[in-house]
Amino acid sequence: MKPTYLAPSILAANFANLERDIKMINDSEADWFHIDIMDGIFVPNISFGFPVLKSITKHAKKTIDVHLMIVNPDRYIKEFALLGSTNLIVHYEACTHLHRTLQAIKAEGMKAGVALNPHTPVNLLKDIIADIDQVIIMSVNPGFGGQSFIEHTYKKIRELKEIILNANASTLIEIDGGVTDQNAEKLLASGADILVAGSFIFNSKDPSHTIKAMKNIM
Ligand code: DX5
Ligand code: ZN
């Protein structure tokens, strides 16, 4: 069976108890930390910036998956590398020279990813798929946690999987937004490798148990 990864989204954590929530993820069966950076321009919300990221990476002991929902991501690539990001994901819609941006991310020693808004077709990545370590298919409109899952996502996963296989590439498929125990199995069966889950994990009574239950499904 292919490896799959569960990435709890810190956006849904308790920011007054961040160290506690990070420790919970460290000690849980979760695989990655998913960290959402929002600038209030690319998306209609502001999350947090470098000082908070620095505090997170200081305590986090797993892969740091950083999802940039910002304009001009090129300006900050070096800084994100210095702060301990493992994977850096930029939005297709925010990059004029996407190929160049991906190379710059890799030059800083990080895995390079591309995120697609719900309206952006996966075939736009066809010509550079082999240069992309991971693609985030947004299954909600980016900007907020706790939104409901867009069903069209399954079709996009299948289309993207075909593009990856045809190119003989090893790009991973990540799904972000509205992921729960109700859609996890179908997402993986459609071809997803990584599931991000925020509110489903952190709003549950026992987040560590919810992570375990999700990993059992996976
Ligand atoms: C949305 C963010 C997501 C968000 C997911 O813009 O990219 O990572 O935290 O949250 P849930 O799982 O609550 O939809
Ligand atoms: Zn995200």
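Residues numbered from 1 in each chain as written. Chains lettered and ligands numbered in written order. Predicted model: local features only at pLDDT ≥ 70, side-chain atom pairs only at ≥ 80, totals over all residues.

### A word on the sheet that holds strand β3 (residues 63-69)
Phase 1 of the analysis: Spatially, β1-β8-β7-β6-β5-β4-β3-β2 is the arrangement adopted by the eight strands of the open sheet, whose pairing is parallel. Of all the strands in the sheet, just β1 (5-8) and β2 (32-38) have a single pairing partner and so form its edges. On average, each strand axis in the sheet is tilted by 25 degrees relative to the strand beside it, whichever way the strands run.
Phase 2 of the analysis: In the sheet, strand β4 (residues 87-91) pairs with strand β5 (residues 111-116) via five bridges, with the strands oriented parallel. Directly across from N87, in β5, lies its bridge partner K111. (Pairing = 2+ DSSP bridges. Helix = DSSP H or I, 4+ residues; strand = E, 2+ residues; numbered from the N terminus. Axes fitted to C-alpha atoms, helices over the stretch in contact; angles between N-to-C directions.)

### Digging into unusual backbone geometry
Phase 1 of the analysis: Phi is positive for N72, which is not a glycine, with a value near 50 degrees.
Phase 2 of the analysis: With respect to the helices, strands and loops of the structure, N72 is situated in the loop between β3 and α3 (77-82).
Phase 3 of the analysis: Phi at N168 takes a positive value of approximately 55 degrees, unusual for a residue other than glycine.
Phase 4 of the analysis: Within the secondary structure, N168 is located in the loop between α5 (153-166) and β7 (172-176).
Phase 5 of the analysis: Residue N168 is classed as exposed on the basis of its C-beta count, with 8 C-beta atoms lying within 10 Å. (Buried ≥ 20, exposed ≤ 12 C-beta atoms within 10 Å, placed from the backbone.)

### Brief notes about the pairing of β7
Phase 1 of the analysis: Burial analysis of β7 places five of its five residues in the buried class, the great majority of the element.
Phase 2 of the analysis: Residues L172, E174 and D176 of β7 are buried on one face, and the alternating residues I173 and I175, pointing to the opposite face, are buried as well.
Phase 3 of the analysis: Note on the crossover from strand β6 (residues 134-138) through α5 to β7: the handedness is right-handed.
Phase 4 of the analysis: As judged from the three bridges shared by β7 and strand β8 (residues 194-197), these two strands associate in the parallel manner. (Right-handed = clockwise from strand over helix to strand, strands pointing away.)

### Section: the site of ligand 1
Phase 1 of the analysis: Around ligand 1 sit 22 residues in total, of which S9, P142, G145, G198 and S199 are the nearest.
Phase 2 of the analysis: Its residues assigned to classes, the shell around ligand 1 comprises nine nonpolar, eleven polar and two charged. (Near = placed C-beta within 6 Å. Nonpolar A, V, L, I, M, F, W, Y, C, P; charged D, E, K, R; others polar.)

### Concerning the UniProt feature "binding site: a divalent metal cation" (unreviewed entry) in the protein chain
Phase 1 of the analysis: The UniProt record marks H34, D36, H67 and D176 with the feature "binding site: a divalent metal cation" (unreviewed entry), using the residue numbering of this structure. Maximum C-alpha separation among the annotated residues is 10.5 Å over a sequence range of 143 residues, consistent with a single clustered spot.
Phase 2 of the analysis: Mapping H34 onto the fold places it in strand β2.
Phase 3 of the analysis: What makes H34 buried here is the crowd of 29 C-beta atoms within 10 Å.
Phase 4 of the analysis: Mapped onto the elements, D176 comes out in strand β7.
Phase 5 of the analysis: In this structure D176 comes out as buried when scored by C-beta crowding, with 25 C-beta atoms within 10 Å.
Phase 6 of the analysis: Residues in contact with D176, not counting those within four places in the same chain, are H67, I136, M138, S139 and V196. (UniProt positions renumbered as here; feature names shortened; annotations may be inferred. Contact = placed C-beta atoms within 7 Å.)

### Considering the nonpolar core
Phase 1 of the analysis: In this structure, L6, F33, L88, V114, V135, I137 and L195 are the most contacted members of the largest nonpolar core, which totals 68 residues.
Phase 2 of the analysis: With five residues, the single largest contributor to this core is β2.
Phase 3 of the analysis: Here L88 is in contact with V66, L68, I77, F80, I105, M110, A112 and G113, once residues within four sequence places are set aside. (Core = buried A, V, L, I, M, F, W, Y, C linked by C-beta atoms within 7 Å.)

### A closer look at helix α8 (residues 207-217)
Phase 1 of the analysis: The set of residues buried in α8 consists of P207, T210, I211 and M214. Take α8 and look down its axis: the buried residues cluster within an arc of 105 degrees, on one side only. Those residues of α8 that are exposed and angled more than 90 degrees off the buried face are H209 and N216.
Phase 2 of the analysis: On its buried face, α8 sits against β1, α1 (18-27), α6 (184-190), β8 and α7 (199-202). (Arc of directions from axis to C-beta.)

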